[in-house]
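Architecture and fold: a report
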Amino acid sequence: MITKEVVINNSVGLHARPATFFIQKANEFKSSIWVEKEERRVNAKSLLGVLSLGIVKGTAITLIADGADEDAAIATLTTMIDSDFSE
């Protein structure tokens, strides 16, 4: 299991469209992936779960992955977040 803290810097946070991109990307991996904000942890592959965290611009979150491709999952999701979800 690996973890990485990242800060969401795009203008709308992890809401609606960026959250959909994030979840689609998370679903490409076999590993279990979670997003943690403060004391709450949700499945990164669940739109409702991610939206329920209310992640806005400037929020620090922790990505957690556990499985065969955990390194690639964290690296890919971190790159997506760092690029402010630009394709």
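Whatever comes next refers back to the structure up there.
Residues numbered from 1 in each chain as written. Predicted model: local features only at pLDDT ≥ 70, side-chain atom pairs only at ≥ 80, totals over all residues. Heavy atoms only, no water.

Quick look at the side chain of Ser-31 now. Following the sequence through the fold, Ser-31 ends up in the loop between helix H1 (16-26) and strand S2 (32-37). At a separation of 2.5 Å, a polar atom in the side chain of Ser-31 contacts the side chain of Asp-69. Reaching out from Ser-31, the side chain makes a polar contact with the backbone nitrogen of Glu-70 at a distance of 3.1 Å. Beyond its immediate stretch of four places on either side in the chain, Ser-31 contacts Lys-45, Asp-66, Gly-67, Ala-68, Asp-69 and Glu-70. (Helix = DSSP H or I, 4+ residues; strand = E, 2+ residues; numbered from the N terminus. Polar contact = N/O pair within 3.5 Å; in protein donor to acceptor, adjacent residues only side chain to side chain. Contact = heavy atoms within 4.5 Å.)

Right, let's get into H1. A turn of α-helix holds 3.6 residues, and therefore any two residues three or four places apart point the same way. All of the buried residues along H1 are Pro-18, Ala-19, Phe-22, Ile-23 and Ala-26. Mapping the buried residues of H1 onto a view down its axis gives an arc of 135°, with all of them on the same face. If you follow the buried residues of H1, they end up packed against S2, helix H2 (47-52), strand S4 (60-66) and helix H3 (70-82). (Buried < 20%, exposed > 50% of the residue type's maximum accessible area, 1.4 Å probe, protein only. Arc of directions from axis to C-beta.)

Further remarks concern the packing of aromatic side chains. The description of an aromatic ring pair rests on the distance of the ring centres and on the angle between the ring planes. The full count for this structure, using the stated rule, is 0 aromatic pairs. Cation over ring: Arg-41 sits above Trp-34, and NZ or CZ is 5.8 Å from the ring centre. (Phe/Tyr/Trp six-rings, centres within 6.5 Å; stacked < 30°, edge-to-face > 60°. Lys NZ or Arg CZ within 6 Å of the ring centre and 35° of its normal.)

Take Val-12: it is sitting in the loop between strand S1 (2-7) and H1. As a C-alpha pair, Val-12 and Gly-54 span 42 residues in sequence and 10 Å in three-dimensional space. Apart from the residues lying within four places of it in its own chain, the contact partners of Val-12 are Pro-18 and Ile-55.

Turning to the pairing of S4, a few remarks are in order. Burial runs high along S4: 5 of the 7 residues are buried. Pairing of S1 with S4, which is carried by 6 bridges, proceeds in the antiparallel orientation. Across the sheet, Glu-5 pairs through a bridge with Thr-62, a residue of S4. Alignment of S2 against S4, held across 5 bridges, turns out to be antiparallel. Looking at S4, one finds that Glu-36 is bridged to Thr-62. (Pairing = 2+ DSSP bridges.)

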